[in-house]
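Geometric and topological summary
Here are the chains, one letter per residue:
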Amino acid sequence: MCEQRAVSSHRLWRVAAGLACALLLVACHRVPQVAQPPSRGSRLYTAHCLSCHQAQGQGVSGIQPPLAGTPVPNGDPEVLLAWVMFGVRPTVLPAGHYAGVMPQFNYLSDADLAAILSYVRSSFGNQSSVITVEQVASVRSRQAAR
Ligand code: HEC
């Protein structure tokens, strides 16, 4: 009799422990996701581009163009890189539309430029392909050969 009781209470404990585990698992899944730390591209954008092109890539009317939904940031990676690194003016960005002057960023590393431009191309509603380190290196070496 006594032995049987011991066994059944042991079983009860196991069931209770199982239930507690299941509850814990469910609870853990329900814990709201902690905000992701900003990506490298986002941090570099904040450091080098945000002051002019603004947090949402909206630019400043008449002074700095928006990067949201505009053709150069979302267009041919080589044209974009040549502009951002060396100031080679894209045909779709005629001079004289914006009062501001953009610095050239060829002093940044290939990896930093790839991270910033990939961030720009996938943020502010943009949905363009990433820019690879190889693409940056290739534009850099071609420009150096000129
Ligand atoms: C000091 C202000 C300033 C900073 C900093 C700056 N830009 Fe610009 N950017 C401009 C201005 C002004 C233009 C327009 C230039 C013109 O038409 O001559 C421009 C144009 C552009 C364009 C072309 C936009 C279009 O609509 O065709 C891209 C792309 C761009 N910037 C990306 C960047 C990125 C990426 C960074 C950071 C690495 C950056 N800019 C930092 C001022 C700035």
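These notes cover the structure that comes with them. Just so you know, these numbers come straight off a predicted model, no measurement behind them.

**Focus on the overall build of the protein chain**
When its secondary structure is counted, the protein chain shows seven helices and zero strands. Reading the helices (α) and strands (β) of the protein chain from amino to carboxyl end gives α-α-α-α-α-α-α. Looking at the protein chain as a whole, 17% of its 146 residues qualify as buried.

**Examining the site of the ligand**
Contacts to the ligand come from 25 residues, most closely from Cys49, Cys52, Val72, Gly100 and Met102. Secondary-structure elements contributing two or more residues to the shell around the ligand are α3 (50-53), α4 (71-74), α5 (77-86) and α6 (110-121).

**Let's talk about the nonpolar core**
Ile116 and Leu117 are the most contacted members of the largest nonpolar core, which totals 18 residues. The set of elements that each furnish at least two residues to this core consists of α2 (40-48), α5, α6 and α7 (133-144). When residues in this core are grouped by element, the largest group, seven residues, is from α6. Beyond its immediate chain neighbours, meaning those up to four positions away, Ile116 contacts Gly41, Leu44, Tyr45, His48 and Cys49.

**Let's talk about the packing of α2 against α6**
The N-to-C vectors of α2 and α6 enclose an angle of 95°; their axes lie 8 Å apart at closest approach. One way to sum up the angle between α2 and α6 is to call them roughly perpendicular. From α2, Arg40, Gly41, Ser42, Leu44, Tyr45 and His48 reach across to α6, where they touch Asp112, Ala115, Ile116, Ser118, Tyr119 and Val120. For the contact of α2 with α6, a count of residues per class yields six nonpolar, four polar and two charged.

**Thoughts on α6**
Between its first and last C-alpha, α6 extends 16 Å over twelve residues, near the 16 Å set by a 1.5 Å rise per residue. Of all the positions in α6, only Leu113, Ala114, Ala115, Ile116, Leu117, Tyr119, Val120 and Arg121 are classed as buried. Where α6 is buried, its residues meet α2, α4, α5 and α7.

**Some remarks on the environment of Tyr45**
Position of Tyr45 among the secondary structure elements: in helix α2. Through-space distance from the C-alpha of Tyr45 to that of Ile116 is 5.6 Å; in sequence the pair is 71 residues apart. Residues within four places of Tyr45 in sequence aside, it is in contact with Leu50, Ile116, Tyr119 and Val120.

**Comments concerning unusual backbone geometry**
A positive phi angle is found at Gln54, which is not glycine, with a value near 75°. Mapping Gln54 onto the fold places it in the loop between α3 and α4.

**A word on α5**
Within α5, burial applies to Pro77, Leu80, Leu81, Val84 and Met85. On an axial view of α5, the arc spanned by its buried residues comes to 110°, and they lie on one face. Tucked inside the fold, the buried residues of α5 contact α4, α6 and α7. Phi turns positive one or two residues past the end of α5, at Gly87, with a value near 70°.

Cut-offs and rules
- Chains are numbered independently. Their residues run from 1 in the order of the written sequence.
- At least 70 in pLDDT is required for a residue's local features to be given in this predicted model, at least 80 for side-chain atom pairs to be given and counted, and no such filter applies to totals for whole chains, interfaces and linings, which use all residues.
- Counting from the N terminus, the helices are the DSSP runs of H or I reaching at least four residues and the strands are the DSSP runs of E reaching at least two.
- Think of it as a crowd count around each C-beta: if 20 or more other C-beta atoms lie within 10 Å the residue is buried, if 12 or fewer it is exposed, and in between it is partly exposed, with C-beta placed from the backbone throughout.
- Using the backbone to place each C-beta atom, any residue with that atom within 6 Å of a molecule or strand is considered near it.
- Residues enter a nonpolar core if they are buried, belong to Ala, Val, Leu, Ile, Met, Phe, Trp, Tyr or Cys, and are joined to the set through C-beta atoms within 7 Å.
- We call two residues in contact when their backbone-placed C-beta atoms lie within 7 Å.
- Axes here mean lines fitted to C-alpha atoms, for a helix over just the part in contact, with angles spanning 0 to 180 degrees between N-to-C directions.
- Note on angle classes: values under 35 degrees are labelled roughly parallel, values over 145 roughly antiparallel, values of 65 to 115 roughly perpendicular, and the remainder oblique.
- Residue polarity follows a fixed list, in which Ala, Val, Leu, Ile, Met, Phe, Trp, Tyr, Cys and Pro are nonpolar, Asp, Glu, Lys and Arg are charged, and the others, Gly among them, are polar.
- Here, expected helix span is obtained from the residue count minus one, scaled by 1.5 Å.
- Along the arc lie the directions from the helix axis toward the C-beta atoms.

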